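In case you want the letters, here they are:
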Amino acid sequence: MVEKKLVALGLICVVLSVGLFGAVMLLNQKDTEMQIKTDQISGLENEKLTLGTQVSILQANVSGLQSETTSLNNEKTALETQVSNLQSEATALENEKLTLETQVSTLQANVSGLQSEVVSLENLTLSLETQVSSLQSEVTSLESEVIQSFNLGYAEGESEGYQLGYVEGYVQGVEDLTESGWYIRDPTYDEAIAFINLDKTDENEYTPDYVCYDFTADFNSNAFQMGYRCGFVYIEFAYSVHAIACFNTTDGGLIYIEPQNDEIVTVAIGQTYLDHIIVHFCIIW
């Protein structure tokens, strides 16, 4: 009986041992599975953190892209405005181009007409230049003839007039000397120069009321006061006249004086004096 109890107790112990071993094995399996789950959860949490970081980066990138998109949209709007303005300018330039082309066409037609007129005027100019050259030759020839005729006539008239005037003047001078005591004579060259240097007429001021005639008249009057015979020279230019004085010196011949500056000058037909050509002159004694 006791043996049966021991056997039963042994069996019970075996069964308990097997159960306990199975329970331990099951617990170990559960711990392993728990560890695996824990590791998986830890990995998922790490992946979650990684994904969160990536999401934050992507959100930041999206925000930047939105800003860039806004900026690009603004630039696009500005470019569209510029394009619109450029198109307007291009249209205006096209219109100006058409206007300029029309003007150029008109100017070309005008230039063609002007060129024809220029050719016609050049031909007319050549013809006129030929005529002018011919007339200048004729005028030069006539001037030479006039000068020669005048010089010849002047020399003959001066000689005859001088002789006649000398005789009459001598007689009149003797009478004047007898009646008034005045004696007028032609000075020597040195006396004429000395009088010119002494006379103050050249210091007078030229005004609209005191001109070349007045200078000459005062110069002559002062010479007369000194007892010298002085001539009033009347000079004719093409479009104006002038007056100067002269002495017929006894040893140097006829000299002409500009009383405005006391210069000894030369007077002859065809000669330039005061930027004008002398066409005629005469001496009044």
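All of the points below concern the structure found in this document. No experiment lies behind these values; they were computed from the predicted model shown.

What counts and how
Residues numbered from 1 in each chain as written. Predicted model: local features only at pLDDT ≥ 70, side-chain atom pairs only at ≥ 80, totals over all residues. Heavy atoms only, no water. Patch = residues over 30% accessible without salt bridge, like charges linked within 9 Å, V, L, I, M, F, W, Y side chains within 5 Å. Areas by Shrake-Rupley, 256 points an atom, 1.4 Å probe, with all protein chains shown as cover. Salt bridge = Lys/Arg side-chain N within 4 Å of Asp/Glu carboxyl O. Buried < 20%, exposed > 50% of the residue type's maximum accessible area, 1.4 Å probe, protein only. Helix = DSSP H or I, 4+ residues; strand = E, 2+ residues; numbered from the N terminus. Phe/Tyr/Trp six-rings, centres within 6.5 Å; stacked < 30°, edge-to-face > 60°. Lys NZ or Arg CZ within 6 Å of the ring centre and 35° of its normal. Pairing = 2+ DSSP bridges. Expected span 1.5 Å × (residues − 1). Contact = heavy atoms within 4.5 Å. Polar contact = N/O pair within 3.5 Å; in protein donor to acceptor, adjacent residues only side chain to side chain. Arc of directions from axis to C-beta.

1. Section: a nonpolar patch on the surface
On the surface, a nonpolar cluster with roughly 400 Å² of combined accessible area is contributed by Leu6, Leu9, Ile12 and Leu16. Leu6 gets classed as exposed once you look at its relative accessible area, which sits at 53%.

2. Re unusual backbone geometry
The backbone of Leu274 sits at a positive phi, close to 55°, despite the residue not being glycine. Examined against the element boundaries, Leu274 turns out to sit in the loop between strand 5 (272-273) and strand 6 (276-277). Of the residues examined, Leu274 reaches a relative accessible area of 47% and is grouped as partly exposed. We note that Asp275 has phi near 65°; this positive angle belongs to a residue other than glycine.

3. Points about the pattern of salt bridges
Summed over the entire model, instances satisfying the criterion amount to three salt bridges. One salt bridge in this structure joins Asp186 and Arg229, with 2.8 Å as the shortest N-O distance. Taken as a pair, Asp186 in the loop between helix 1 (2-180) and helix 2 (189-198) and Arg229 in the loop between helix 3 (212-225) and strand 1 (231-236) lie far apart in primary sequence, 43 residues in all. Classification of Arg229 as partly exposed rests on a relative accessible area of 24%.

4. A closer look at the packing of aromatic side chains
Per the stated rule, a full pass over the model turns up eight aromatic pairs. Where Tyr210 meets Phe215, the ring centres are 4.7 Å apart and the plane angle is 65°; that geometry is what we call edge-to-face. By the burial criterion, Tyr210 is buried, and Phe215 matches it. Centroid distance Tyr228 to Phe247: 6.5 Å. Interplanar angle 85°. Geometry classified as edge-to-face. With Tyr228 in the loop between helix 3 and strand 1 and Phe247 in strand 2 (residues 241-249), this pair connects stretches of sequence that are 19 residues apart. Phe247 shares its class with Tyr228; the two are buried. Connected via pairs of aromatic rings, a cluster forms that spans Phe195, Phe219, Tyr228 and Phe247. The ring centre of Trp285 lies 4.1 Å from the NZ or CZ of Arg229, which sits over that ring.

5. Concerning the pairing of strand 3 (residues 253-258)
In terms of strand pairing, strand 2 meets strand 3 through five bridges, oriented antiparallel. Bridged to Cys246 within strand 3 is Tyr256. Hairpin geometry of strand 2 and strand 3 is characterised by an intervening segment of three residues between the two adjacent antiparallel strands. Sheet topology note: the strand 3/strand 4 (residues 263-265) ladder contains three bridges and is antiparallel. When the bridges of strand 4 are listed, Tyr256 appears paired with Val265. Between strand 3 and strand 4, which pair antiparallel and follow one another directly, the connecting turn spans four residues, one of which, Asp262, has a positive phi of 65°.

6. What to know about helix 3
Compared with the 20 Å implied by 1.5 Å per residue over 14 residues, the 20 Å span of helix 3 between its first and last C-alpha is a close match. After helix 3 finishes, the residue Gly227 shows a positive phi value of roughly 90°.

7. What to know about the environment of Thr249
Assignment of secondary structure puts Thr249 in strand 2. Taking the C-alpha atoms as reference points, Thr249 and Arg229, 20 residues apart in sequence, are found 9.4 Å from one another. Once you skip the residues sitting within four places of it in the chain, Thr249 turns out to touch Pro187, Thr188, Tyr189, Ala192 and Ile255. Within the structure, the side chain of Thr249 is placed 3.0 Å from the backbone nitrogen of Gly252, a separation counted as a polar contact.

8. Observations regarding the side chain of Thr249
The exposure class of Thr249 is buried, given its relative accessible area of 4%. Among the polar contacts listed, one links the side chain of Thr249 to the backbone oxygen of Gly253, at a separation of 2.6 Å.

9. Looking at helix 2
Every buried residue of helix 2 is accounted for by Ala192, Phe195 and Ile196. One face of helix 2 carries all of its buried residues, which in axial projection span an arc of 100°. Among the exposed residues of helix 2, those pointing more than 90 degrees away from its buried face are Asp190, Asn197 and Leu198. Turning to helix 2, the residues buried within the fold contact helix 3, strand 2, strand 3 and strand 4.

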